[in-house]
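Letter by letter, the chains look like this.
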Amino acid sequence: MLHNDAITAAYLHIPFCRRRCYYCDFPISVVGDRKTGHNSGMIQEYVDKLCGEIRGTTQRSTQPCQTQPYQTQPFPTQLQTIFFGGGTPSLLTPQQLDRLLTTLNQTFGIAPGAEISIEIDPGTFDRAQLQGYRSAGITRVSLGSQAFQPELLQVCGRTHQVEDIYHSAELIHEVGITNYSLDLISGLPSQTVQQWQASLEAAIDLRPTHISTYDLTLEPGTVFGKRYQPGDRPLPTDETTADMYRLASRTLQAAGYEHYEISNYAQPGYACRHNLTYWENRSFYGFGMGATSYVNGQRFARPRTREAYYQWLENPEIPSELLASEIDHTSDRLVETLMVGLRLAKGVAIENLRQQFGNSAIEQVWQCLKRYQAPGWVEAWDATGKRLPPDVSWEEIDRMSLSEPEGFLFSNVVLVSLFEAFGT
Ligand code: SF4
């Protein structure tokens, strides 16, 4: 990533949910089952503040930058991707969504053909609302399905039913949104491999363009985090969750989905363009409570409660304690670039790394990674796309990647050895 790369991506956090799912530690406010943007003063107030934050970017700077916080610069590029994440962004009314998009357009410009995604939860929208989103400019939706078994939806505290997933998919087709993604979670308490297989097949039958599969993580402070320790029954064992990962890889690829990122599969041409910004370590704007931006080589995480976020908006300088990370050290930037880049099936291009970090750093990276060639977790490729044998020198490599699925499955082991090698 070059620090002065043109910023073409914006993430907007919509931090409201009807209830909190048992595995979730995202920064959200719970609004109750009946509330939507129509009748929640809390959501309306938030949209006002969010528009203010977006507009404020022009008046101050393209980036929050600690050393020159209020430097006015023109915006050289329009937005190519916008992502409304949450939370449950489908609690927004079409009018609220339209206001946010209009504000982004007036501030930065939105490029023709931009990918504009929104996360929607089954049971939180109807046809008119989805049609309204489409008219406002949404081109892609991501449906938080999670599982196709009522008992598993209940076990993780989701508000929706299995029928809501099918109804949502129908609505998506009816309003003519052709680019849509489904999310599924593996490793849930009591989940069996057979149930996982059934969820994968049910998802495939709906023919989304994209499917994300996540392995459950026990986050401290969540209901699950308090209820279970890793390895506790009824959580599936590590061997079972690894089998679930391999099963997803086989089943989804057999159905025509490319495994393009550790947790993501897409029909050809339908990889999520917005999320590629993160994995390719390019700059992006972030707006809203808890949202992170990455500008001028600085990651900045906004406050994670509404009160603190609103307070920060009154005087949006960036106190140093709020800087999530300041990537000053070359080795930190190198490891970060590898950490996100190796999530992609295409891996990382050696020439890009060499230009940014120099020959000796790349040699050190390869010293560290080549030991994982023998077990088949790391792969090296030449410029013609031919896989190279173990023990090649780094100068012969065009690209290196983790193998699919075993390298992806053991990516943590590989990354830990990189952290150790570079002392990060
Ligand atoms: S809907 Fe998503 S953001 Fe909201 S509580 Fe559940 S997992 Fe968290």
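Residues numbered from 1 in each chain as written. Predicted model: local features only at pLDDT ≥ 70, side-chain atom pairs only at ≥ 80, totals over all residues. Heavy atoms only, no water.

Is there a simple way to think about the overall build of the protein chain in this case?
Of regular secondary structure, the protein chain possesses 15 helices and 17 strands. Here the protein chain has a C-alpha radius of gyration of 22 Å; the compact-globule value for 424 residues is 22 Å, and the two agree. In terms of overall dimensions, the protein chain has a C-alpha envelope of 65 × 55 × 40 Å along the principal axes. Classification of the 424 residues of the protein chain by burial places 55% in the buried group. Long-range pairs, those at least 24 residues apart, make up 70% of the contacts in the protein chain with a sequence separation of at least 6. Accessible surface, the protein chain: about 18,400 Å² in total, of which carbon and sulfur atoms supply 49%. On the protein chain, the mean spot of the 34 positive side-chain charges and the mean spot of the 47 negative ones are 4 Å from each other. (Helix = DSSP H or I, 4+ residues; strand = E, 2+ residues; numbered from the N terminus. Rg over C-alpha atoms; globule rule 2.2 N^0.38 Å. Buried < 20%, exposed > 50% of the residue type's maximum accessible area, 1.4 Å probe, protein only. Contact = heavy atoms within 4.5 Å. Areas by Shrake-Rupley, 256 points an atom, 1.4 Å probe, with all protein chains shown as cover. Lys, Arg positive; Asp, Glu negative; His and termini not counted. Charge placed at Lys NZ, Arg CZ, Asp CG, Glu CD.)

How should the nonpolar core be read in this particular structure?
By size, the foremost hydrophobic cluster in this structure holds 81 residues, and its most contacted members are L12, F84, L100 and L104. Broken down by element, this core gets its largest block of residues, 6 residues, from helix α1 (residues 41-60). Beyond its immediate sequence surroundings of up to four residues, L12 is in contact with L50, I54, I82, F83, F84, G85, L100, L104 and F287. The next biggest cluster of nonpolar side chains, apart from the first, holds 31 residues, and it includes L338, C368, L402 and V414. (Core = buried A, V, L, I, M, F, W, Y, C linked by side-chain atoms within 4.5 Å.)

What should I look at first to understand the packing of helix α12 (residues 350-357) against helix α13 (residues 359-369) in this one?
The axes of two packed helices give the description: the angle between them and the distance between them. Relative orientation of the contacting elements α12 and α13 amounts to 130 degrees, with a least axis distance of 7 Å. In terms of axis orientation, α12 runs oblique to α13. Side by side, α12 and α13 meet where I350, L353, R354 and F357 of the first sit next to N359, A361 and I362 of the second. A class-by-class count of the residues in the contact of α12 with α13 yields 5 nonpolar, 1 polar and 1 charged. (Axes fitted to C-alpha atoms, helices over the stretch in contact; angles between N-to-C directions. Parallel < 35°, antiparallel > 145°, perpendicular 65-115°, else oblique. Nonpolar A, V, L, I, M, F, W, Y, C, P; charged D, E, K, R; others polar.)

When you look at the sheet that holds strand β15 (residues 348-349) in this model, what are you seeing that I'm missing?
Each strand in a sheet pairs with another by means of backbone hydrogen bonds, the pair being arranged parallel or else antiparallel. Spatially, the 3 strands line up as an open sheet ordered β15-β17-β16, and their pairing is antiparallel. Where the open sheet ends on each side, the last strands, each with one partner, are β15 and β16 (378-381). Looking at chain direction, β16 and strand β17 (residues 399-402) are connected through 4 bridges and run antiparallel. Pairing of V378 across the sheet is with L402, part of β17. (Pairing = 2+ DSSP bridges.)

Any chance you could explain the pairing of strand β12 (residues 292-295) here in plain terms?
Along any regular strand, the residues point their side chains to alternate faces of the sheet. Inspection of the sheet shows β12 paired to strand β13 (residues 298-301) by 4 bridges, in the antiparallel sense. Bridging from a neighbouring strand, T292 pairs with A301 of β13. Hairpin geometry of β12 and β13 is characterised by an intervening segment of 2 residues between the two adjacent antiparallel strands and by a positive phi of about 50 degrees at N296.

Looking at this model, I keep getting lost on the packing of aromatic side chains. Mind explaining?
Working definition: an aromatic ring pair is given by the centre-to-centre distance plus the angle between the planes. Tallying each qualifying case throughout the model produces 17 aromatic pairs. An angle of 10 degrees between the planes, with centres 5.9 Å apart, marks the rings of Y372 and W377 as stacked. Aromatic rings pair up to connect F16, Y46, F300, Y309, Y310 and W312 into one cluster. One cation-aromatic arrangement involves R299 over Y294; the distance from NZ or CZ to the ring centre is 3.8 Å. (Phe/Tyr/Trp six-rings, centres within 6.5 Å; stacked < 30°, edge-to-face > 60°. Lys NZ or Arg CZ within 6 Å of the ring centre and 35° of its normal.)

Just checking my understanding: could you explain the pattern of salt bridges for this structure?
Any two side chains of opposite charge can pair, so long as their charged atoms come close to each other. Applying the stated criterion to the full structure yields 13 salt bridges. E174 serves as the salt-bridge partner of R127, at 2.4 Å between the closest nitrogen and oxygen. Of this pair, R127 sits in helix α3 (residues 127-136) while E174 sits in helix α5 (residues 162-174); the two residues are 47 residues apart in sequence, bridging distant segments of the chain. For E174, a relative accessible area of 45% translates into the label partly exposed. (Salt bridge = Lys/Arg side-chain N within 4 Å of Asp/Glu carboxyl O.)

Explain the sheet that holds strand β4 (residues 79-86) to me, please; I cannot follow it from the model alone.
Strand order in the open sheet formed by 9 strands is β9-β10-β8-β7-β6-β5-β4-β1-β11, with mixed pairing between adjacent strands. Both edges of this open sheet fall to β9 (258-261) and β11 (285-287), since each of them pairs with a single strand only. Recorded for the sheet is a direction-independent mean angle of 20 degrees between the axes of neighbouring strands. Sitting on the sheet, helix α6 (residues 193-205) is in contact with β7 (179-186) and β8 (210-215), with an inclination near 175 degrees to β7.

Would you explain the site of the ligand in this entry?
Neighbouring residues of the ligand: 13 residues in total, closest C17, C21, C24, G87 and D121. Considering only residue class, the shell around the ligand consists of 6 nonpolar, 3 polar and 4 charged. (Near = heavy atom within 4 Å.)

Mind showing me how you'd approach the confidence of the model for the protein chain here?
If pLDDT is low for a region, its predicted coordinates should not be looked at in detail. The share of residues in the protein chain with pLDDT of 70 or more is 92%, and the mean pLDDT across the chain is 91. Contacts of residues 59-72 to residues separated by more than four positions or lying in other chains number 37 contacts, the stretch itself having pLDDT below 50. (pLDDT = per-residue confidence, 0-100.)

Looking at this structure, I do not really get the domain arrangement of the protein chain. What am I missing?
For an interface, size is often stated in terms of accessible area lost upon the parts coming together. Split by domain assignment, the protein chain resolves into domain 1 (9-279) and domain 2 (330-422). Put simply, the middle of domain 1 and the middle of domain 2, counted by C-alpha atoms, are 30 Å apart. Contact between domain 1 and domain 2 buries roughly 1,100 Å² in total, counting both sides, with carbon and sulfur atoms accounting for 60%. Considering only the side of domain 1, the residues that lose the most area to domain 2 are R246, I262 and W279, jointly responsible for 47% of the buried surface there. Linking domain 1 with domain 2 are 2 salt bridges, by the criterion used here. E406 is the salt-bridge partner of R246, the closest N and O atoms lying 2.6 Å from each other. At the junction of domain 1 with domain 2, the criterion picks out 8 residue pairs in polar contact (both at pLDDT 80 or more). Breaking the side of domain 1 that touches domain 2 down by element, the ones donating at least two residues are α8 (238-254), β9 and α9 (273-279). Of the residues forming the side of domain 1 that touches domain 2, the biggest block, 5 residues, is contributed by α8. Within the side of domain 1 that touches domain 2, the residues separate by chemical class into 7 nonpolar, 4 polar and 2 charged. (Domains from an automatic or database assignment. Buried area = accessible area lost by both parts, 1.4 Å probe. Polar contact = N/O pair within 3.5 Å; in protein donor to acceptor, adjacent residues only side chain to side chain.)

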